[in-house]
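Observations on chain architecture
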Amino acid sequence: AQKVTQAQTEISVVEKEDVTLDCVYETRDTTYYLFWYKQPPSGELVFLIRRNSFDEQNEISGRYSWNFQKSTSSFNFTITASQVVDSAVYFCALSGRNYGQNFVFGPGTRLSVLP
Amino acid sequence: NAGVTQTPKFQVLKTGQSMTLQCAQDMNHEYMSWYRQDPGMGLRLIHYSVGAGITDQGEVPNGYNVSRSTTEDFPLRLLSAAPSQTSVYFCASGYRDSPIYEQYFGPGTRLTVT
């Protein structure tokens, strides 16, 4: 069975600090996809990134960066120079190759960025 | 495009009542799903559809029915509501962007069953 673990339930940082959100996954599939979503206080789900199992390149998008390591089954998310607007719940998710197949979300990490 | 729309935004039901949560998308997406979000558990897949007339069960299908008669609509029916179904429900639609699919979420419906 597929599983996503986000061990950090809540994190608080002061604005401008860097913060890393951890995601560890379990799957027996050789082809799989990893996602990060943001859920701000307003409640909607915002897609941030997806990564497939064959692409271990790290990615940077502005203040966001992602580190994918198959050897440790981790897909960590770093926010550099955090801002108050980054306060949200962040979900890591794992999917099989086909739609609906084992699409599993982690429990989420609540990030609070204090001014 | 309105994207993925869900109605109602909020609903309170009594145990045993039935209701339908509506989901519609105007992006001609073939894929649609329903998830529920409970505190500390992330989102869990209830049912999904890979096209009109085709539906399948997800991780937590019990107590819910779905049908997909058109590409645009994917309603979720609660036949006899129970307090355990108190949750936030998200509908999503998606299309294949080979080899994976893109998925877009609706704004959610907050359901309370008393």
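Here, every reference points to the structure presented above.
This structure is a prediction, so every number in the text was calculated from the model and none was measured. (Residues numbered from 1 in each chain as written. Chains lettered and ligands numbered in written order. Predicted model: local features only at pLDDT ≥ 70, side-chain atom pairs only at ≥ 80, totals over all residues. Heavy atoms only, no water.)

What about the sheet that holds strand 7 (residues 64-66) of chain B?
All names here are of chain B.
- The antiparallel open sheet is built from four strands, whose spatial order is 1-3-8-7. The sheet terminates laterally at strand 1 (4-7) and strand 7, the two strands that pair on one side only. The mean angle between the axes of side-by-side strands here comes to 20°, regardless of whether they run parallel or antiparallel.
- The pairing of strand 1 with strand 3 (residues 19-25) spans four bridges and is classified as antiparallel. Along strand 3, the bridge assignment pairs T7 with Q22. (Pairing = 2+ DSSP bridges. Helix = DSSP H or I, 4+ residues; strand = E, 2+ residues; numbered from the N terminus. Axes fitted to C-alpha atoms, helices over the stretch in contact; angles between N-to-C directions.)

Considerations on the interface of chain A and chain B
- Each partner contributes residues to the interface: chain A has 19 residues there, and chain B has 23 residues.
- Carbon and sulfur atoms supply 57% of the area buried between chain A and chain B, which totals about 1900 Å² over both sides.
- Counting every contact that joins chain A to chain B gives zero salt bridges.
- Where chain A packs against chain B, one counts one residue pair in polar contact (both at pLDDT 80 or more).
- Where the side of chain A that touches chain B is concerned, the elements lending two or more residues are strand 5 (33-39), strand 6 (46-52) and strand 10 (88-95) of chain A.
- Ranked by residue count, the leading element in the side of chain A that touches chain B is strand 5 of chain A, at four residues.
- Classifying every residue of the side of chain A that touches chain B by side-chain character gives ten nonpolar, seven polar and two charged. (Contact = heavy atoms within 4.5 Å. Buried area = accessible area lost by both parts, 1.4 Å probe. Salt bridge = Lys/Arg side-chain N within 4 Å of Asp/Glu carboxyl O. Polar contact = N/O pair within 3.5 Å; in protein donor to acceptor, adjacent residues only side chain to side chain. Nonpolar A, V, L, I, M, F, W, Y, C, P; charged D, E, K, R; others polar.)

Some details on the pattern of salt bridges
Residue and element names in this part refer to chain A.
- In the structure shown here, the tally under the stated rule is five salt bridges over all chains.
- The salt bridge partner of R51 is E59, with a shortest N-O separation of 2.7 Å.
- Under the relative-accessibility criterion, E59 is labelled partly exposed at 30%.
- Three or more residues joined by partner-sharing salt bridges are found here, namely R51, D55 and E59. (Buried < 20%, exposed > 50% of the residue type's maximum accessible area, 1.4 Å probe, protein only.)

Looking at the layout of surface pockets
- Its volume calculated, the largest pocket comes out at about 730 Å³.
- Lining the largest pocket are 37 residues, with A:Q39, A:R110, B:Q37, B:V88 and B:R110 sitting closest to its centre.
- Taken together, the elements giving at least two residues each to the lining of the largest pocket come down to strand 10 and strand 12 (109-114) of chain A together with strand 9 (87-97) and strand 11 (109-113) of chain B.
- The class makeup of the residues in the lining of the largest pocket is 14 nonpolar, 18 polar and five charged. (1 Å grid on protein atoms, 1.4 Å probe; cavity = no way out; pocket = protein on both sides within 12 Å on 5 of 7 lines; lining within 4 Å. Points joined across faces, edges and corners; volume = space filled by probe spheres on them.)

Regarding the packing of aromatic side chains
- The final tally for this structure, using the stated rule, is 18 aromatic pairs over all chains.
- With a centroid separation of 5.0 Å and an interplanar angle of 5°, the aromatic rings of A:W66 and A:F77 are classed as stacked. Highlighted residues: A:W66 in strand 8 (residues 64-69) and A:F77 in strand 9 (residues 74-79), separated in sequence by eleven residues.
- By relative accessible area, which is 0% here, A:F77 ends up buried.
- Chaining the aromatic ring pairs together yields one cluster made of A:F35, A:Y37, A:F47, A:F91, A:F105, B:Y35 and B:F105. (Phe/Tyr/Trp six-rings, centres within 6.5 Å; stacked < 30°, edge-to-face > 60°.)

Digging into the environment of A:Q83
All names here are of chain A.
- Structurally, Q83 is set in the loop between strand 9 and strand 10.
- With a relative accessible area of 34%, Q83 lands in the partly exposed category.
- Linking Q83 and S12, residues 71 residues apart in sequence, is a C-alpha distance of 12 Å.
- With residues up to four places along the chain from it excluded, the contact list for Q83 reads E15, R63 and V113.

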